[in-house]
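Observations on chain architecture
If you want the building blocks of each chain, they are given just below.
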Amino acid sequence: MYKDILVHVPTERPMRPVIDGSISLAAQLNAHVDAVAVGYVATSTAYVMEGGAAVAAVFEMERERAVERAEAALTVFKTEAANAGLSFACHPLGAIPADAAALLGEMARLHDLSIVLQPEPAQGSFDNDVPSEILFQAGGPVLFLPYNFRGAFKPKRIGICWDGSRLAARAMRDAAPFMARAEEIVIITINEADAVPDDVSARNLAKHLGRRGLSTRTASLSAARADIQPTILSLAADENLDLLVMGGYGHSRLQERLLGGVTRAMLEAMTVPTLMSH
């Protein structure tokens, strides 16, 4: 069960989706929520610290202003969480972007679930980099909410994106608290005959979940590699799914985080809340 939730409240992007989603979910689960917002200090400001005490004082002043921006972003969350009677805490931070990403990744490791806003790469915002960084660093599930998400998050109809991989299995297990409360679970496979070994087939996954008392059905689809993400989203719309569950593919190369193609495409075009694990 998710009893300790971390939510990243953006300071440079819409905050309402993650506030609505995290508070409604925490209320359903009787969970504690730690809300963290980051006011960003320009990297160029941090560099001038090498100039001595005077410029270090300038940096500290900029950091204090950044913390004030973070506190302002958390004001709405604090009001809504208090009105909902939740157990919660707010954490305003002021940091350069690289440090902020590392701090949030570390915080996520001691939470059952992290909630973030879908990135919008076309927008030049540091808040776009944090969600995928949390995915890489958390060591647990990350719930991405679309930037047009509104209202309460109640995942009654769930789609499990299954390719038999370790990451898909990790995401499926991490989604167990959601699946236990679901009204319907759809196992989604793409090109299963060519891509999924029989031992980890959708049929065997259904048996495994059945032993846990979960009833499922399978949607087996075919698609070219470039069409996998739109095929999944099309099915999600047809099935009126409230949540997709999938592995978060990617790797590091020379300290650069690189998302896998389908994962990147899903984050760019997602229309339904998506739980990912890396």
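That block above? That's the structure.
Residues numbered from 1 in each chain as written. Predicted model: local features only at pLDDT ≥ 70, side-chain atom pairs only at ≥ 80, totals over all residues. Heavy atoms only, no water.

Comments concerning the environment of serine 277
Topologically, serine 277 is positioned in strand β12 (residues 274-277). Under the relative-accessibility criterion, serine 277 is labelled buried at 0%. C-alpha of serine 277 to C-alpha of proline 92: the two residues are 185 residues apart in sequence and 26 Å apart in space. With near-sequence residues (within four places) excluded, serine 277 lies in contact with Leu135, Gly140, Pro141, Leu167, Arg170, Ala171, Asp174, Met246, Gly247 and Gly248. Among the polar contacts listed, one links the side chain of serine 277 to the side chain of aspartate 174, at a separation of 2.6 Å. (Helix = DSSP H or I, 4+ residues; strand = E, 2+ residues; numbered from the N terminus. Buried < 20%, exposed > 50% of the residue type's maximum accessible area, 1.4 Å probe, protein only. Contact = heavy atoms within 4.5 Å. Polar contact = N/O pair within 3.5 Å; in protein donor to acceptor, adjacent residues only side chain to side chain.)

Some details on the sheet that holds strand β1 (residues 4-8)
Strand order in the open sheet formed by ten strands is β3-β2-β1-β4-β5-β12-β9-β6-β7-β8, and the pairing between neighbours is mixed. The open sheet has two edge strands with one neighbour each: β3 (87-95) and β8 (216-221). Taking the axes of each pair of neighbouring strands and ignoring which way they run, one obtains an average angle of 20 degrees across the sheet. Against the sheet, helix α11 (residues 261-269) engages β5 (142-145), β9 (243-247) and β12, with an angle of about 155 degrees to β9. (Pairing = 2+ DSSP bridges. Axes fitted to C-alpha atoms, helices over the stretch in contact; angles between N-to-C directions.)

Re a positive patch on the surface
A cluster of basic side chains, namely Lys3, Lys154, Lys156 and Arg181, defines a positive patch on the protein surface. Relative to the helices and strands, arginine 181 resides in the loop between α7 (176-180) and β7 (184-190). For arginine 181, a relative accessible area of 35% corresponds to the partly exposed category. (Patch = residues over 30% accessible without salt bridge, like charges linked within 9 Å, V, L, I, M, F, W, Y side chains within 5 Å. Areas by Shrake-Rupley, 256 points an atom, 1.4 Å probe, with all protein chains shown as cover. Salt bridge = Lys/Arg side-chain N within 4 Å of Asp/Glu carboxyl O. Lys, Arg positive; Asp, Glu negative; His and termini not counted. Charge placed at Lys NZ, Arg CZ, Asp CG, Glu CD.)

Some remarks on the packing of helix α10 (residues 228-238) against α11
Put simply, α10 and α11 touch, their axes get as near as 9 Å, and they point 50 degrees apart. It follows that α10 is oblique to α11 by the angle criterion. Here the hand of the crossing between α10 and α11 comes out right-handed. In this structure, α10 uses Ile228, Gln229, Ile232 and Leu233 to contact α11, whose residues at the interface are Val262, Ala265, Met266 and Ala269. The class makeup of the residues in the contact of α10 with α11 is seven nonpolar, one polar and no charged. (Parallel < 35°, antiparallel > 145°, perpendicular 65-115°, else oblique. Left-handed = near helix turned anticlockwise from the far one by under 90°. Nonpolar A, V, L, I, M, F, W, Y, C, P; charged D, E, K, R; others polar.)

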